[in-house]
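Structural overview for review
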Amino acid sequence: MTEQYGITGTTAKDVSASVERAVADGALAPGAALPPVRRLAQDLGISPGTVATAYQELRRRGIVVTRGRGGTVVAPAPAVASRRPPPVPEGLRDLAGGLPDPAFLPDLLPPTRLSPGARPHRTAPRLPRLEDAVRQWLGADGVPVEHITFAHGALDLIGRLLSVELRPGDAVALEDPGYHHLLDLVTALGLRTLAVEVDGEGMRPESLRAALKAGVRAVVCSPRAQNPYGGYLSPARRDALVAVLAGAPDVLVVENDHAGAVSAAPLHSLTAGGHLGRWAHVATVTKYLGTDLRWAAAACDATTLARHDGRLLLTSGWVSHLLQETVLALMTDPATRALVERAGPTYAARRHALLDALARHGITAHGNSGMNVWVPVRDESAVVNGLRTHGWWVAAGARFRIGSTPGVRITTAALPEPEAPRLARDFAAALAESQTTYGG
């Protein structure tokens, strides 16, 4: 039996090393079952405790996972590539990118405050003035701001949190449909994804309760501008989700507020009131200060702060002070603030214009906040290709979905209101063509 698996050894260290070699050599492929603990112990002439310790170490390192009655199996190879969208064909109007309108982004000017030279960044990684600005920004919406940290964007921060809190094989509850890069990130970390259904008010409490019952170790959600569905938490939905999470105080809850000031929706944060045990509220500025500003702030509990900053210290060390100065200058600039204040209502008007135009054709669509509209369809490819013939390029929903029904995402941020009726007419024509071609 041991020859079949290529497993040898008389100590836990030797056994785990032999399994790892077999996986590296291809003798044990992803999904291959390892022998039960007692059987392998008998074959090797060692105690079951020694084998159990070896398997525990292999699980900790992400080489194997345990599937209940399915036993211990070799972990699937983690994804390292993201499901990137295809390039926009020449001559088409791009409504697939999820990006803001450049007309509402301020000019980025490099700061002159800092001079060249070495500074004690590792002992003072965050600019105190930017920390104060972040506390005012988040605290105004009821987010607890005693503990603040920075990172190189939301995904960088979320990825670091998940990597220090969870182990390969652990489960994470994610929105479905949800942000495709986040779905890919969780897979790349060797974690399992459990889908949580969403509607116009965000995660559905009963679906989240089922995910918690299934043993998730973390939950990642959007309080507003949910991508791609567009939902935002109402006070009632926020309270319902907090009540569900109260039964799982050790589960890390990460709230990703990626659109913030331009989401055209109030923030009803799960973190307000201090009811969560382990939590982080992540906020970014790329949607309204500039897509090249790879910076994010997070308010979190003390344990989460220590674990995040400890890992950051060992990797990049700190977020560039030049970047921090740029963000601070823009956040406190009156002209930039005025531009952002105009952007939010404009994005909302454009989004509603398309929703109303689609409704006039009997087409159901979703988009309560943010920059996107989600339209359920039967055949994503048929609709995408049909709209392409009319000069539009939209995003097929497959890369946003875990198990939810098909749909397409339309980014409305740069779609002027007068163009919404034409897009809606073309969408209706594409639906009719797909039904004729594919029999509905």
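Just so it is clear, the model here is predicted, and its values are computed rather than measured. (Residues numbered from 1 in each chain as written. Predicted model: local features only at pLDDT ≥ 70, side-chain atom pairs only at ≥ 80, totals over all residues. Heavy atoms only, no water.)

To continue, consider the packing of helix 6 (residues 154-165) against helix 7 (residues 180-188). Closest axis-to-axis distance for the helix 6/helix 7 pair is 11 Å, and the angle between their directions is 30°. It follows that helix 6 is roughly parallel to helix 7 by the angle criterion. The two elements helix 6 and helix 7 cross, and the hand of that crossing is right-handed. Here Leu155, Ile158, Gly159 and Leu162 of helix 6 lie close against helix 7, whose contacting residues are His181, Leu182, Leu185 and Val186. Looking at the contact of helix 6 with helix 7 residue by residue, the class counts come to six nonpolar, two polar and no charged. (Axes fitted to C-alpha atoms, helices over the stretch in contact; angles between N-to-C directions. Helix = DSSP H or I, 4+ residues; strand = E, 2+ residues; numbered from the N terminus. Parallel < 35°, antiparallel > 145°, perpendicular 65-115°, else oblique. Left-handed = near helix turned anticlockwise from the far one by under 90°. Contact = heavy atoms within 4.5 Å. Nonpolar A, V, L, I, M, F, W, Y, C, P; charged D, E, K, R; others polar.)

Residues Ala218 and Val220 point to one face of strand 8 (residues 218-221) and Val219 and Cys221 to the other, with burial holding for every one of them. With three bridges connecting them, strand 5 (residues 171-176) and strand 8 associate as parallel partners. The residue bridging Val172 from the neighbouring strand is Ala218, located in strand 8. Relative to strand 9 (residues 252-257), strand 8 is paired through four bridges, and the arrangement is parallel. (Buried < 20%, exposed > 50% of the residue type's maximum accessible area, 1.4 Å probe, protein only. Pairing = 2+ DSSP bridges.)

What follows deals with the sheet that holds strand 10 (residues 278-284). Here eight strands make up an open sheet; going across it, the order is 4-11-10-9-8-5-6-7 and the pairing mixed. If you trace the sheet from one side to the other, it starts and ends with strand 4 (148-151) and strand 7 (202-203), each paired once. Taken together, the two bridges between strand 6 (residues 192-199) and strand 7 define a ladder with antiparallel strand orientation. Across the sheet, the residue bridging to Val198 is Met203, located in strand 7.

Right, let's talk about helix 11 (residues 321-331) for a bit. Residue pairs spaced three or four apart in an α-helix point in one direction, given the helix's 3.6 residues per turn. Counting buried positions along helix 11 yields nine of eleven residues, so the element is predominantly enclosed. Those residues of helix 11 that fall on the buried side of the exposure criterion are His321, Leu323, Gln324, Glu325, Thr326, Val327, Leu328, Leu330 and Met331. Where helix 11 is buried, its residues contact helix 5 (128-139), strand 4 and helix 12 (334-360). Its side-chain oxygen 3.1 Å from the backbone nitrogen of Leu322, Ser320 forms the N-cap of helix 11. (Polar contact = N/O pair within 3.5 Å; in protein donor to acceptor, adjacent residues only side chain to side chain.)

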